Each structure stands twice: as C-alpha cells, then as structure tokens.
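Coordinate analysis (summary)
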Amino acid sequence: MASKSPATPPPTLQRGKACLRCRKRKMRCDGVKPACQQCVRAKKPDTCQYDDGKGKTRTQLLREHIERLEQRIRELEDPEYTSPSVTLYDPHIHDQHLHYRSESSSSSLPDSPPSTGFSAPHSPFPPSASSSPQHSWIQGVPSPSPTPFSEVYHADHQPTVEFAQMLVDIVAPHRHQCLLGLHMGRLRESFSRSLMEQHHPCLTNAIFLWACYLSRPGSLSEHESHYLNRSLEALGDALQYSNRVLDVIQASCLLSVYFLSNGRSLEGSYHATAAASLAIQCGLHGVMTNRLPIFETTGVMSPFKLEPPKDVIEQGERILTFWQVFTLDRCWSAVLQKPTTIPDGSEGYSSIIMPWPQDMEEYESGQIDDFHSFSTARSFFDGPTSNLASGFSPLALRVKASTLFQDAHHLSSIWDQRRRVDPTGYLHSSHDYAALALSNAFMDDFQTLEHTVTLFLSTLIPVHQLDASMPNDKHAYVAIHTLAHTAIIHLYFLFGHEDPVAHEKCLRAARCCVSIVKHIADSDYEFLDPIVGPCWTSAVDTLIRELNIIETSWPLVSSVDVRNDIGTLLYAMTSLGSRFPLLGYSVAKIQKRLSGL
C-alpha cells in the first residue's frame, strides 16, 4: 500500500502581506484575496482587509468619501462655509492624497504645488485696505469662523417639519408663561422653509425645550436636556450675525424663564440680563422711532441698527419682544433682589418710547397704536390722566403690574438699606412709619406709588368675575391682580414690624391673594405664570407674621382663619410646584417655619 505524501505547507507570506485581522490576532494568513481562509472560517469575510502600502483600505476610502459628501452638503447649505484648513495626510500615497484634498476642500486650488498636507491658512479679511479686523468688527460683520453654521444648522440635528410643528402646538397655549412674543402661525409655517430661512436654532431649540418641559412627566420630556444643550450651543453662533439678534433675545428670555422656574436662579438671571442688554443695545426700546445718534464720531463703534420690519406682524413681534424682555427684567429682578437692566429715564436714549403691547390678532389686522398715543413706562407714574388713558389689553396690564411690582420692591430696598446703615435712628418714632428720616422725594414717591397701585386695581376686572372671563384672560388676570397686591405687601412689609397700620395693609393685600387663589381651578395651574409663586410666598410671610402675633397676644384669639388662609396658599404653591420646581423649595421652607410655631 502506497504511503500518502505529506501535505505541502502553505508558502510563507512576505512581511506585511497578511490581512489586518490576522495581523492583529497573530494568526497565519494565506494572503488570498478578497478574503483569506482564516476570515472565511470565522465567517467574517467582509472584515478581511489588506494594507500593503499601495492603496487605502475599503474602510479608509469609505470614510474619506463620507467626509467629502458632508463637506459638500455644508458648502451647499451655506455659501460662506470654509472647509477646515488642516487635512489628514496619508504618507503612502502623496499624489492621491492631493487629489482627494482638492475635491474635499474649497480652500485648495487645482494648480497649487504639492504640499506636506497642510493647506495655507486663509486670511480672515478680504485683500482690500479698508477691511481691517477693527473695521469688520465695528460694522457688525462676523469674523470668519472655520465652521460657521456647520453644527447648529446641520440638517441631521433638526426635527422633521411635522414634529417641529407638533412641538410648537404644545407651546402655543402656554406662550404667555414663557413670555414668547411670536406669531404662532408664521412660526409653524417657517419650518417648511429651508434651514437658513427659519429662525435661528438657538430660538427654535429653546421653543422645543419648552415643549418638552411642559410635557413632564411624559416621554417627550426625556429630550429636554438635548434641546437645552442645542439652544445653549447655538447662542454663540447666533451672536455672530446681526440679523439674528432678535432670535438671540427671544431665546435668552425662554432660557431665563426655564431656569428660573426650575430654581436655577444664577443661570436664569444671566440670560435675563443678556436679553435686556441686547434689547437696549439694538434700540428695541425705541423701535418705532428708529432713533440713532444725531452725529457719529470715529471714536465710538457704529450703532447697532435693526433692519426695518417687513410688515405690521413683524413690527408687532418686535413690540411684544421688547415688553417680553421688560416684564422679565422687572419681575425677576425684584424676586432675585438685583438691579434692573433696562433703564427708564424721562428723556434721552434711556427713555422707553413704545406703544403698550396688544394682542397678536390686532397686529394682524394692522391696528398698531398711533405714534401720538405712545407712552413710556416712566409716564405710568405721572398722573391718573396719562397712566390709565391707554393700554388695557391683558398684555399691557401685565406690563403695568410688573412695573408697580418692581418699583415697590425698589422703594422698599431703599428703606431697608437706610435701616441697616442707621439701625437706631431710621425712625423718629417707633410707631410712626411716616417719620422716615429720608428725603421728601422718597416720601413723595412712596405715596405716589401707593396711590397708583390703588387706582390701577380699581380699573381691573373684579376678582369675583374672573370665572366669567375667557380662559386665557383669566390666567393673565390672576397674575395681574397678584402682582399688584404683592406690590402693596412689598411697600409696607418692613414697616409692619413696628406699625399696626402698615401691617394691616399688608394683611389686607395677602388676603386678596388668597381670594384670587380660591377662583383658580385645578385645571388652571398648568397655565399660570410662574411669577405668581414668589408673590404667594410674600403673602404667606405676611400671614405667618399675623399668626405669630395672634398666638403670642393676650387675650387669646382664634387663629383658625389665618391657618386656613396659609393652607390655601400652600395648596396653590404645591399645585403650581408640580409644574415649576422653583416653588418646591419655597414650600419646604414655609412648612419648616410653621412647624416651629
């Protein structure tokens, strides 16, 4: 029987000829192409790749092809896009690398000499002598960026038209809570246009953020952090472009109210201040007059000027946007105990020359207040004829209530500062709060403000008629009444420790807040303005002081009514706190105080 000859061992491959998978696993490779036996046995023939120094692997080629396509998409979306100036360099195939670079980078010229893989850096300015860095910056032209709009406008990061419109529909009934002053129909329609014709992603993502926030605890709320990050990232990009400043202002307002209602006061204050500063810088507080300096000098930067509005709806959006910023600045500056950002002088550039806000339906029909009926916020305190002659829409009343709220806090803070500086001599008599040792101007302002608040309250729909109002109006009037009554509490609270009359005025205002709460149905809480939460806290402080007076006085008096009023406000704060976590902290503090009584 013939003996079998031994099998011939496979020939040894030259060094570097094995496939990448066999090299990594230190296995013997037969070098068969397109797939070696080792990869075929492992059922991974697609992963069998060779790198013999004569060409790129399939993975490398696919990656480069994808990168070229992405670069081309970005160039088509934004003509100003500049491809990255540094390209990865393959040392094995220098000539082929240059070919790929010329296709993928708009900065490479076809006839340019071979390079070492680094393209020459672009000059950020045109070759003209006038285009210096300072000139470009002063005129508001953005400094060229390696990838402007490349991330924030990337189509992959945008929701579908249907999904975006669905998110807008969620926000629309709550727009007064987040102070959004846009035409909802136009906003919905804008998502069917190209990305560059839409609002900037800093604003659209802020709107989407609110849609997710309002959907708590539903599944949509899982995307809250995503849209928050997208909006914050896009703000830096939007600030490069002068035609996006209104989007930045509106986005900053939305972000501010979002942070504040979640108890994140530092971030909320930051964005509120940014929105107010930008609104003043671009002249939004005098947008109807289009005012500019009488003369220009070379020593200052050119004034930032908004383009004229396209129609009355866009003009109305600008009016609403300013008052959106103003209301945010006035209300939350008082809550956070910080100075306001928007000035309100009687003349000059600091004066607010703007019609009171109106409903969007009025702007749609072209009904913008005539120029001669304009009122500045400062004139609100000039007398009963001027301050109540116009501005009766819920939006205008909300602005007026916010002004009263902040001015009361401001006057109270002046008193408090004097008391801290001179704790023994700030009163001539411990039972005479009118004997405040301050200027006559202070006392005049104090009495004028008290009179204005009282007169303002007399013009509002009575509290007992709130249930007969339209739902949107009811929610607005709850905030308006509450802010006005809280203004009285702010005015007199510090005096109430020593003066029974001042304490009685605070107590009367606090009980008015309780009466308002009794007209709020459970279904109303999800539509209430979050500012009413801090107002209720002020009312509870007054009631707790009254409870302490009752329980430490003789003869004993029943405190049941006061405790019931406190319970009513705590219920309201807890109900609103399920939507706005800010109130959860306040409720916990109040309950801790009550446990010690």
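Predicted model, so just to flag it, every value in this text is computed and none were measured.

Glancing now at the overall build of the protein chain. Helices and strands together make up the secondary structure of the protein chain, namely 22 helices and zero strands. For the protein chain, with 597 residues in total, the buried portion stands at 47%. Taking the intrachain contacts of the protein chain between residues at least 6 apart in sequence as the baseline, contacts between residues at least 24 apart amount to 67%. With the model as given, the accessible surface of the protein chain reaches about 31,000 Å², and the carbon-plus-sulfur share is 56%.

This paragraph deals with the side chain of K338. Along the chain, K338 turns up in the loop between α13 (312-336) and α14 (360-364). Buried and unpaired, K338 has no salt bridge, with D329 as the nearest side chain of opposite charge at 4.6 Å. Within the structure, the side chain of K338 is placed 3.5 Å from the side chain of T273, a separation counted as a polar contact. If we ignore the near neighbours within four places in the chain, the residues touching K338 are S269, T273 and S333.

Summed over the entire model, instances satisfying the criterion amount to 13 aromatic pairs. Their ring planes at 70° and their centres at 5.0 Å tell us that F322 and W323 sit as a pair that is edge-to-face. Exposure class is identical for F322 and W323. Each is buried. By the ring-pair criterion, three or more aromatic residues cluster together here, those being W210, Y213, Y258, F259 and F580. If you follow K400 out to its NZ or CZ, it ends over the ring of F392, 5.6 Å from the centre.

Here helix α10 (residues 224-238) crosses helix α11 (residues 245-261) at 145°, and the two axes come no closer than 11 Å. In the crossing of α10 with α11, the sense of the turn from one axis to the other is left-handed. Note on element contacts: α11 touches α10 through V248, A251, S252, L255, Y258 and F259, opposite E224, L228, S231, L232, L235 and A238. Its residues assigned to classes, the contact of α10 with α11 shows nine nonpolar, two polar and one charged.

It is worth spelling out the environment of L235 at this point. With respect to the helices and strands, L235 occurs in helix α10. Along the backbone, L235 and V248 are 13 residues apart, and their C-alpha atoms lie at a distance of 6.5 Å. Ignoring sequence-local partners within four residues, the contact set of L235 consists of C202, V248, A251, S252, L255 and H271.

Helix length check: helix α9 (residues 201-214), at 14 residues, gives a terminal C-alpha distance of 19 Å against a target of 20 Å (1.5 Å per residue), a fit within 8%. Of all 14 residues in α9, 14 are buried; the element is thus mostly enclosed.

Below, the discussion takes up the environment of C212. Tracing the backbone through its elements, the reader meets C212 in helix α9. By relative accessible area, C212 is classed as buried at 0%. Sequence spacing of C212 and E224 is 12 residues, and the spatial spacing of their C-alpha atoms is 5.3 Å. Not counting residues up to four positions away in its chain, the partners in contact with C212 are L220, S221, H223, E224 and Y227.

Moving on, we get to unusual backbone geometry. Cis geometry marks the peptide bond from K33 to P34; its omega dihedral reads 10°. Take P34: it is sitting in the loop between α1 (20-25) and α2 (37-41). Of note in the backbone geometry, K43 takes a positive phi value of approximately 55° without being a glycine. Structurally, K43 can be placed in the loop between α2 and α3 (58-77). With a phi close to 55°, Q337 is a non-glycine residue in the positive phi region. Tracing the backbone through its elements, the reader meets Q337 in the loop between α13 and α14.

Attention shifts here to the packing of helix α6 (residues 161-171) against α9. Look at α6 against α9: their axes get within 8 Å of each other, and the N-to-C directions meet at 65°. Viewed along their axes, α6 and α9 form a crossing whose handedness is left-handed. Between α6 and α9, the contacting residues are A164, L167, V168, I170 and V171 on the first element and I207, F208, W210, A211 and L214 on the second. In terms of residue class, the contact of α6 with α9 is built from 10 nonpolar, no polar and no charged.

Every buried residue of helix α22 (residues 582-595) is accounted for by L582, L583, S586, V587, I590 and L594. Looking straight down α22, one finds that the buried residues subtend no more than 115° of arc, so they occupy a single side. In α22, the exposed positions that point more than 90 degrees away from the buried face belong to K589, K592 and S595. Where the residues of α22 are buried, they touch α11, α13, α20 (532-551) and α21 (560-577).

The next point concerns the confidence of the model for the protein chain. For the protein chain, the average pLDDT comes to 77, and 69% of its residues sit at 70 or higher. Per-residue pLDDT stays below 50 along residues 85-150; that stretch engages in 78 contacts with residues further than four places along the chain or on separate chains. Scored below 50 in pLDDT, residues 426-437 shows 27 contacts in the model against residues more than four places distant or in partner chains.

The next thing to look at is the pattern of salt bridges. Following the criterion strictly, the structure yields 16 salt bridges and no others. R216 is the partner of E224 in a salt bridge, and the nearest nitrogen-oxygen pair spans 2.6 Å. According to the relative accessible area criterion, E224 is buried, its value standing at 7%. Within the structure, one salt-bridge network assembled from shared partners comprises D467, K474 and D524.

Ranked by size, the top nonpolar core spans 134 residues in total, and within it I207, W210, I249, W323 and W536 carry the most contacts. At 12 residues, the largest contribution of residues to this core is made by α11. Those residues in contact with W536 that lie beyond four places of it in its chain are T482, V517, I520, Y525, L528, L569, A572, M573 and L576. Within the second largest apolar cluster, nine residues are counted, among which are A18, C19, A35 and C39.

In this section: the environment of T486. Among the structural elements, T486 can be located in helix α18 (residues 471-492). Those residues in contact with T486 that sit more than four places away from it in its chain are F405, C513, C535 and S538.

What counts, and where the lines are drawn
Residues numbered from 1 in each chain as written. Predicted model: local features only at pLDDT ≥ 70, side-chain atom pairs only at ≥ 80, totals over all residues. Heavy atoms only, no water. Helix = DSSP H or I, 4+ residues; strand = E, 2+ residues; numbered from the N terminus. Buried < 20%, exposed > 50% of the residue type's maximum accessible area, 1.4 Å probe, protein only. Contact = heavy atoms within 4.5 Å. Areas by Shrake-Rupley, 256 points an atom, 1.4 Å probe, with all protein chains shown as cover. Lys, Arg positive; Asp, Glu negative; His and termini not counted. Salt bridge = Lys/Arg side-chain N within 4 Å of Asp/Glu carboxyl O. Polar contact = N/O pair within 3.5 Å; in protein donor to acceptor, adjacent residues only side chain to side chain. Phe/Tyr/Trp six-rings, centres within 6.5 Å; stacked < 30°, edge-to-face > 60°. Lys NZ or Arg CZ within 6 Å of the ring centre and 35° of its normal. Axes fitted to C-alpha atoms, helices over the stretch in contact; angles between N-to-C directions. Left-handed = near helix turned anticlockwise from the far one by under 90°. Nonpolar A, V, L, I, M, F, W, Y, C, P; charged D, E, K, R; others polar. Expected span 1.5 Å × (residues − 1). Arc of directions from axis to C-beta. pLDDT = per-residue confidence, 0-100. Core = buried A, V, L, I, M, F, W, Y, C linked by side-chain atoms within 4.5 Å.

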